[in-house]
Amino acid sequence: MFDGKSKVRSEVIAKATKEALQRRGVELIDIAKIVYEMQAPYNEELQLEQCVDSVMNVLKKRELQHAILVGIELDELCEQGKLSTPLQEIVESDEGLFGVDETIALGAVFTYGSIAVTTFGHLDKNKVGIINDLDTKKGNKVHTFLDDLVASVASCAAARIAHRSRDLEEAGLTFEDVKDAAK
């Protein structure tokens, strides 16, 4: 049991976040594919492995970890029927006017600036990749929060790549140059 005096270690939170995503059927490659789709038109040399790396780096941010852990917990509690009425029904039906799911996800997006915010809006509206799978109710799973959280992670990772690409461009380098230098 947690004693309330010590702080939860970063590696514990990071591990719990990755495990929660996997438990809910979301793999890093699923998010990376969305990142690739968002950034490939602006970066000819972009590789999927760079998108996976960006997703992994974004998932090191506590804002995203906390948002993911809270959102997944609420989805799972809803599946178990453990939320109080009327919240149970609102989350279960993914009520259109609810908006708390987007608010939590958007709060985490602000860490990566306006590119992440606009990308989040695009992903929330167009439901790209696994976001669509999560948003489309299949079986008795509730993903009211998770679909928006995946959009949040993908948006942040795409923004990270956009910013990194610009930094490399200004230095006269490309992602390919950095990849070759790492070998």
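These notes cover the structure that comes with them. Only a predicted model underlies this, so the values are computations on that prediction, with no experimental measurement involved.

With respect to the packing of aromatic side chains
No. 1: According to the stated counting rule, one finds one aromatic pair in the structure shown.
No. 2: Relative to Phe145, the ring of Phe98 lies with its centre 6.0 Å away and its plane at 90°, an arrangement referred to as edge-to-face. Here Phe98 is found in the loop between helix 5 (87-93) and helix 6 (100-109), whereas its partner Phe145 is found in the loop between helix 8 (130-135) and helix 9 (146-170), with 47 residues between them in sequence.

Some words on a nonpolar patch on the surface
No. 1: Residues Ile29, Tyr36 and Leu48 make up a contiguous nonpolar surface patch of roughly 220 Å² in combined accessible area.
No. 2: Locating Ile29 in the fold gives a position in helix 2 (residues 28-39).
No. 3: Residue classification places Ile29 among the partly exposed residues on the basis of a relative accessible area of 34%.

As for the pattern of salt bridges
No. 1: Across all of its chains, the model carries eight salt bridges by this definition.
No. 2: Here Lys127 makes a salt bridge to Asp124, at a shortest N to O gap of 3.2 Å.
No. 3: When the shortest N-O distance is used, the salt bridge between Glu170 and Arg166 registers 3.1 Å. In this pair, Glu170 and Arg166 both sit in helix 9, four residues apart, roughly one turn of the helix.
No. 4: For Glu170, a relative accessible area of 58% gives the class exposed.

Quick notes on helix 2
No. 1: A rise of 1.5 Å per residue sets the reference length of helix 2, with its 12 residues, at 16 Å; its end C-alpha atoms lie 16 Å apart and thus fit the reference within 8%.
No. 2: What helix 2 keeps buried is the set Ile31, Ala32, Ile34, Val35, Met38 and Gln39. Burial along helix 2 is one-sided: seen end-on, the buried residues are contained in an arc of 155°.
No. 3: Along its buried surface, helix 2 packs onto helix 3 (48-58), helix 7 (113-126), helix 8 and helix 9.

Describing the side chain of Asn43
No. 1: Considering the arrangement of structural elements, one finds Asn43 in the loop between helix 2 and helix 3.
No. 2: Residue class for Asn43 comes out buried when judged on its relative accessible area of 9%.
No. 3: For Asn43, the residues in contact, after removing those within four places along its chain, are Ser165 and Phe175.

Structural notes on the packing of helix 7 against helix 9
Any two packed helices are characterised by how steeply their axes cross, that is the angle between the axes, and by the distance between the axes.
No. 1: Axis separation between helix 7 and helix 9 bottoms out at 8 Å; the angle between their running directions is 140°. Taken together, the axis directions place helix 7 and helix 9 in an arrangement best described as oblique. Between helix 7 and helix 9 lies a crossing whose hand is right-handed. Mapping the contact onto sequence places Ile115, Ala116, Thr119, Phe120, Leu123 and Asp124 in helix 7 and Asp148, Ala151, Ser152, Ala154, Ser155, Cys156, Ala158, Ala159, Ala162 and His163 in helix 9.
No. 2: Taken together, the residues of the contact of helix 7 with helix 9 break down into 10 nonpolar, four polar and two charged.

What counts, and where the lines are drawn
- Residues numbered from 1 in each chain as written.
- Predicted model: local features only at pLDDT ≥ 70, side-chain atom pairs only at ≥ 80, totals over all residues.
- Heavy atoms only, no water.
- Phe/Tyr/Trp six-rings, centres within 6.5 Å; stacked < 30°, edge-to-face > 60°.
- Helix = DSSP H or I, 4+ residues; strand = E, 2+ residues; numbered from the N terminus.
- Patch = residues over 30% accessible without salt bridge, like charges linked within 9 Å, V, L, I, M, F, W, Y side chains within 5 Å.
- Areas by Shrake-Rupley, 256 points an atom, 1.4 Å probe, with all protein chains shown as cover.
- Salt bridge = Lys/Arg side-chain N within 4 Å of Asp/Glu carboxyl O.
- Buried < 20%, exposed > 50% of the residue type's maximum accessible area, 1.4 Å probe, protein only.
- Expected span 1.5 Å × (residues − 1).
- Arc of directions from axis to C-beta.
- Contact = heavy atoms within 4.5 Å.
- Axes fitted to C-alpha atoms, helices over the stretch in contact; angles between N-to-C directions.
- Parallel < 35°, antiparallel > 145°, perpendicular 65-115°, else oblique.
- Left-handed = near helix turned anticlockwise from the far one by under 90°.
- Nonpolar A, V, L, I, M, F, W, Y, C, P; charged D, E, K, R; others polar.

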